[in-house]
Amino acid sequence: MRKQKLVLVGNGMAGIRAIEEILKLSPHQFDITVFGSEPYPNYNRIELSKVLQGDTEIDDITLNNWQWYEENEILLYPGETVTAIDKDNQTVFTDKERQVDYDKLIIATGSVPFMLPLPGVDKDGVTAFRDIKDCEQMIETSDQYKKAVVIGGGLLGLEAARGLLNLGMQVDVVHIADYLMERQLDKTAGKMLQKELENQGMNFLLNKQSVKITGRNRVKGLKFKDGGEVKADLVVMAVGIKPNISMAKESGVPVNRGIIVNDYLETEVPNIFAVGECAEHREMVYGLVAPLYQQAQQMAKRICNVDCDGYKGSVLSTQLKVSGVDVFSTGKIIEDKHTKSLKVFDEWRGVYQKVLVEEGKITGAVLYGDTKDGNRLLSLINKGAMIEEYTDNKRSEETGNDLIASMPEEEIICGCNGVTKGTIIEAINNQDLTTVEQVKGCTNASRSCGGCKSLVSDLLEYALGDQYDQNQKESICTCSTLSRDEVIEEIKLKELTHTREVMNVLGWTSEEGCSKCKPALNYYLGMLNPTEYKDERESRFVNERLHANIQNNGTYSVVPRMYGGVTNAEDLRRIADVADKYEVKMIKVTGGQRLDLLGVQKGDLPSMWSELDMPSGSAYAKGLRTVKTCVGADFCRFGTQDSIGLGVQMEKKFEGLNTPHKVKMSVSACPRNCAEGSVKDVGVIGLDGEFELYVGGNGGTHMRKAELLAKVKTEAEVLNTTAAFLQYYRENASYLERTSAWVERVGIEHIQNVLSNKKTFIDLNQRMDEALSVVQDPWKEAIKSETLLRDLYENVKVPAGSN
Ligand SMILES: Cc1cc2nc3c(=O)[nH]c(=O)nc-3n(C[C@H](O)[C@H](O)[C@H](O)COP(=O)(O)OP(=O)(O)OC[C@H]3O[C@@H](n4cnc5c(N)ncnc54)[C@H](O)[C@@H]3O)c2cc1C
Ligand SMILES: NC(=O)c1ccc[n+]([C@@H]2O[C@H](COP(=O)([O-])OP(=O)(O)OC[C@H]3O[C@@H](n4cnc5c(N)ncnc54)[C@H](O)[C@@H]3O)[C@@H](O)[C@H]2O)c1
Ligand code: SF4
Ligand code: FES
């Protein structure tokens with residue numbers, strides 16, 4: 001039977017949750033195509049606040065990685081926007097001139113941030129806080145500038161302000177109302193919150209209406225209606241959001257504030273559904289994930305023809321994600337003539353709790369300082385409970401096991417994902433779960449804002465008793481309870497030789513493993529036994545499998561190796577000829593001093609490599625990328641060493657090496673450091689008669705200055721010390737851990753101590769030589785293999801990739 005074509009517009013949190021639900025209900029019913037304007041796989045937008053606050057990294061907030069799309073045979077077009085729907089012919093059109101037919105269409109285009117239409121809003125340094133790009137812009141700005149102004153004292157504005165403080169900026173929060181978070185709190189809680197945030201270093205300007213952003217090209221300040229003004233190097237607008245409905249509206253799908261849907265998330269147009277922040281249900285639009293996930297679940301059932309009650313609307317609850325502040329609100333928050341309230345105000349402990357009651361039933365709550373009762377109140381409101389059910393059973397003093405024991409089975413533990421105590425306990429018991437990560441994998445609890453993590457941990461302790469290790473090691477992924485170190489020990493001890501064997505012997509909960517453990521195990525096995533192990537190509541991320549980076553339009557890039565950034569006329573001529581022949585869209589000089597041929601079709605890759613006849617630059621690899629060099633002693637009047645010669649030697653020695661994450665190196669011939677060694681994994685600086693070796697630098701989102709590892713006299717010592725350092729990193733870092741994070745974690749003194757032991761140093765070098773002895777050029781290997789050419793470059797369906 002022909003599969004039905006399901007198209008999703010919007011690769012965000014609600015849309016992809018709906019796809020997950022559909023795959024659970026009916027894994028083979030649809031051919032699924034997803035369009036997403038952002039050039040990433042689906043990520044946890046909520047955690048952008050944590051990225052800004054420095055608690056996590058952009059690389060770690062992916063919810064469904066490229067491999068997930070591939071494994072589920074989902075055709076993803078990242079960085080591609082749907083511009084119109086032809087609802088009569090059931091077709092969508094995109095900004096890349098693509099046209100795709102559908103049997104069912106889901107619109108999940110989310111929201112756009114509301115930007116106040118102030119004069120000067122288009123100046124440099126004015127941003128919203130909605131996506132990865134905004135987050136990166138704020139982090140970059142904080143490197144150069146000091147003074148930030150956040151407009152909007154709501155959830156988003158306060159979380160942004162906390163992040164900017166953590167990034168070392170001074171922060172003013174400009175708010176239009178006379179107290180903070182007036183949409184979620186009452187005045188008492190709002191004022192308590194303000195006091196706490198002032199103690200943390202925020203400055204508030206309340207009752208302020210902004211009228212103008214000043215400055216020439218870049219923002220300099222913000223003016224108010226009352227004549228006042230503040231200085232600003234960065235202005236962040238966090239004054240609310242608007243459903244993103246323009247494309248739907250222009251295509252004739254009926255809209256009001258959002259795209260109008262019924263209880264089954266159907267629009268008025270046959271076969272078109274809408275879900276998430278762009279949808280309007282019973283005159284409500286939502287801006288939190290909990291209701292959107294409830295919608296996604298009901299819509300998935302409808303699409304898969306499974307009986308369902310439909311979506312009936314949601315009671316909202318919010319929590320602010322700022323450390324040191326406990327604030328919760330749900331349902332109705334302000335008293336009126338129909339309500340009575342139950343209040344506790346303990347100024348000494350900084351606790352305020354208000355529960356609103358209407359005709360004996362609980363209808364809302366605001367909690368500050370002690371929010372333990374939050375989820376319980378939400379559950380009580382949801383079931384229409386009378387106030388006595390709450391007051392007869394107060395549990396403010398209970399903590400840990402007592403608190404968990406007193407909770408009824410149906411109490412919600414994870415508000416974002418609607419997961420109850422009963423569901424979690426059942427999963428722990430039936431599936432032998434022992435870690436928070438595993439509970440997350442099985443039930444979704446703690447997968448969104450993470451606010452319920454400590455409760456999930458309490459539940460594990462309650463269910464497992466002494467068996468539960470609170471300071472639990474981080475397991476390699478949700479398929480196993482073993483940590484990275486334990487897995488490596490077991491591989492050595494039991495002499496395991498391939499990923500499937502590891503999974504079988506070590507009792508993986510999933511037969512196939514997942515996209516987190518598969519590439520990690522493949523790396524560890526290759527690292528432990530380089531000469532015997534046969535690399536499992538299918539376990540690698542798709543860019544590494546194809547030896548080319550996928551771009552946001554589904555084409556690929558080709559980067560040939562140019563040792564030390566040096567090229568010659570003959571190579572350049574060949575590159576130019578190949579670029580002409582294959583109609584390369586752009587040739588770009590990269591930051592690593594080589595040429596990137598962009599816009600290549602997958603089927604053209606092997607013949608281009610063959611005609612270029614140059615080694616792969618491994619621009620896609622978890623391995624050595626480049627060795628950047630300065631011009632050095634031969635040409636520069638400051639140069640003291642042959643930086644180019646040494647850089648070429650280093651690149652020739654380490655090319656093709658597999659490492660836990662990408663490795664970038666550089667060599668400069670004097671302390672002016674033109675090759676930027678301070679932000680490289682290994683940065684060599686030539687001095688008169690010696691070299692300094694710096695390690696653990698990073699110039700990306702999480703900037704880290706490299707630290708001095710050693711001073712050595714000769715080029716041979718540079719090569720051996722680099723080899724010992726890299727081998728030690730290969731053997732001890734977790735897969736996907738950059739040297740910057742690893743050096744930070746283990747400490748430079750520790751690495752210096754290890755390398756100072758002569759025997760260890762020699763052994764590390766020997767093991768490195770062994771690893772390098774089996775390196776082959778991947779492009780040449782691919783061109784020679786008929787199977788690879790057929791399987792990888794013609795038959796692969798999914799245009800998805802990973803860096
Ligand atoms: C910093 C921050 C913190 C947050 N914290 C919380 C929190 O703690 N708790 C909570 O519940 N919620 C929080 N939220 C809100 C939550 O992230 C959103 O409610 C949720 O992401 C909305 O999901 P969605 O799928 O509707 O929209 P989105 O996640 O925005 O996804 C929509 C996607 O569609 C894409 N798109 C739009 N138009 C097109 C088109 N024409 N073609 C192709 N693609 C298109 C967009 O680029 C976007 O990637 C937070 C939001 C932010 C920004
Ligand atoms: N922890 C969380 O749950 C969380 C965190 C971040 C974002 N979000 C969600 O993201 C979305 C956006 O958040 P938000 O805080 O921008 O929206 P919001 O609507 O909740 O708050 C916007 C705030 O900006 C203020 N404001 C409006 N106009 C203003 C002006 N001209 N000058 C100064 N202040 C002004 C409003 O009074 C309001 O308090 C919301 O849906 C929110 O729920 C949730
Ligand atoms: S690092 Fe020193 S030697 Fe190298 S180019 Fe710069 S100034 Fe010249
Ligand atoms: S409450 Fe947000 S992830 Fe559980």
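Residues numbered from 1 in each chain as written. Chains lettered and ligands numbered in written order. Predicted model: local features only at pLDDT ≥ 70, side-chain atom pairs only at ≥ 80, totals over all residues. Heavy atoms only, no water.

- Where an unreviewed UniProt entry is consulted, the protein appears under the name Nitrite reductase large subunit NirB, with the organism given as Halobacillus amylolyticus.
- For the protein, the Pathway (unreviewed entry) comment in UniProt is given as "Nitrogen metabolism; nitrate reduction (assimilation)." (UniProt positions renumbered as here; feature names shortened; annotations may be inferred.)

1. Points about the sheet that holds strand β22 (residues 327-331)
In step 1: Strands sit in the order β21-β22-β25-β24-β23 across an open sheet of five strands; the sheet is antiparallel. Among the strands making up the open sheet, the edge pair consists of β21 (317-319) and β23 (339-346). Between one strand and the next, the sheet's axes are offset by a mean angle of 15°, whatever the strand orientation.
In step 2: Relative to strand β25 (residues 361-368), β22 is paired through five bridges, and the arrangement is antiparallel. By the bridge assignment, valine 327 is partnered in β25 with tyrosine 368. (Pairing = 2+ DSSP bridges. Helix = DSSP H or I, 4+ residues; strand = E, 2+ residues; numbered from the N terminus. Axes fitted to C-alpha atoms, helices over the stretch in contact; angles between N-to-C directions.)

2. Brief notes about the sheet that holds strand β19 (residues 272-274)
In step 1: Reading across from one edge, β3-β2-β1-β7-β19 is the order of the five strands in this open sheet, with parallel pairing throughout. Each of the sheet's edge strands pairs with one partner strand only, and the pair in question is β3 (74-78) and β19. Between one strand and the next, the sheet's axes are offset by a mean angle of 15°, whatever the strand orientation.
In step 2: Here strand β7 (residues 104-107) pairs with β19 via three bridges, running parallel. Paired with leucine 105 across the bridge in β19 is isoleucine 272.
In step 3: Packing against the sheet, helix α1 (residues 13-25) makes contact with β1 (4-9), β2 (30-36), β3 and β7, and its axis sits at approximately 155° to β1.
In step 4: Helix α8 (residues 289-303) rests against β2, β7 and β19 of the sheet, and its axis sits at about 165° to β19. (Contact = heavy atoms within 4.5 Å.)

3. Regarding the site of ligand 1
In step 1: Of all residues adjacent to ligand 1, which total 32 residues, the nearest are Ala14, Glu38, Arg130, Glu277 and Lys321.
In step 2: Measuring from a nitrogen atom of ligand 1, one finds a backbone N or O atom of valine 82 at 2.9 Å.
In step 3: At 2.5 Å, a side-chain N or O of glutamate 277 approaches an oxygen atom of ligand 1.
In step 4: Burial of ligand 1 by the protein chains amounts to 91% of its free accessible area of 1,000 Å².
In step 5: Of all the elements in the fold, those that place two or more residues in the shell around ligand 1 are α1, β2 and α8.
In step 6: If you tally residues by element for the shell around ligand 1, the top one is α1, at three residues.
In step 7: Residues of the shell around ligand 1, tallied by class, amount to 13 nonpolar, 13 polar and six charged.
In step 8: Split by domain, the residues of the shell around ligand 1 number at least three in each of domain 1 (4-110 + 243-303) and domain 2 (126-239). (Near = heavy atom within 4 Å. Polar contact = N/O pair within 3.5 Å; in protein donor to acceptor, adjacent residues only side chain to side chain. Areas by Shrake-Rupley, 256 points an atom, 1.4 Å probe, with all protein chains shown as cover. Nonpolar A, V, L, I, M, F, W, Y, C, P; charged D, E, K, R; others polar. Domains from an automatic or database assignment.)

4. Points about the site of ligand 2
In step 1: By nearness alone, 21 residues border ligand 2, and Glu159, Glu182, Arg183, Gly240 and Gln319 come closest of all.
In step 2: Isoleucine 176 is positioned such that a nitrogen or oxygen atom in its backbone is 3.3 Å from a nitrogen atom of ligand 2.
In step 3: Between ligand 2 and the protein, one listed contact pairs an oxygen atom with a backbone N or O atom of glycine 240 at 2.9 Å.
In step 4: Contact with the protein chains hides 87% of the accessible area of ligand 2, taken as 850 Å² for the molecule alone.
In step 5: Residue contributions to the shell around ligand 2 peak at three residues, all from helix α5 (residues 155-166).
In step 6: Looking at side-chain class alone, the shell around ligand 2 contains 10 nonpolar, seven polar and four charged residues.

5. So, the UniProt feature "domain: FAD/NAD(P)-binding" (unreviewed entry) in the protein
In step 1: In the UniProt entry, the feature "domain: FAD/NAD(P)-binding" (unreviewed entry) is given for residues 5-287.
In step 2: A helix fraction of 24% and a strand fraction of 28% characterise residues 5-287, whose end C-alpha atoms lie 29 Å from each other.

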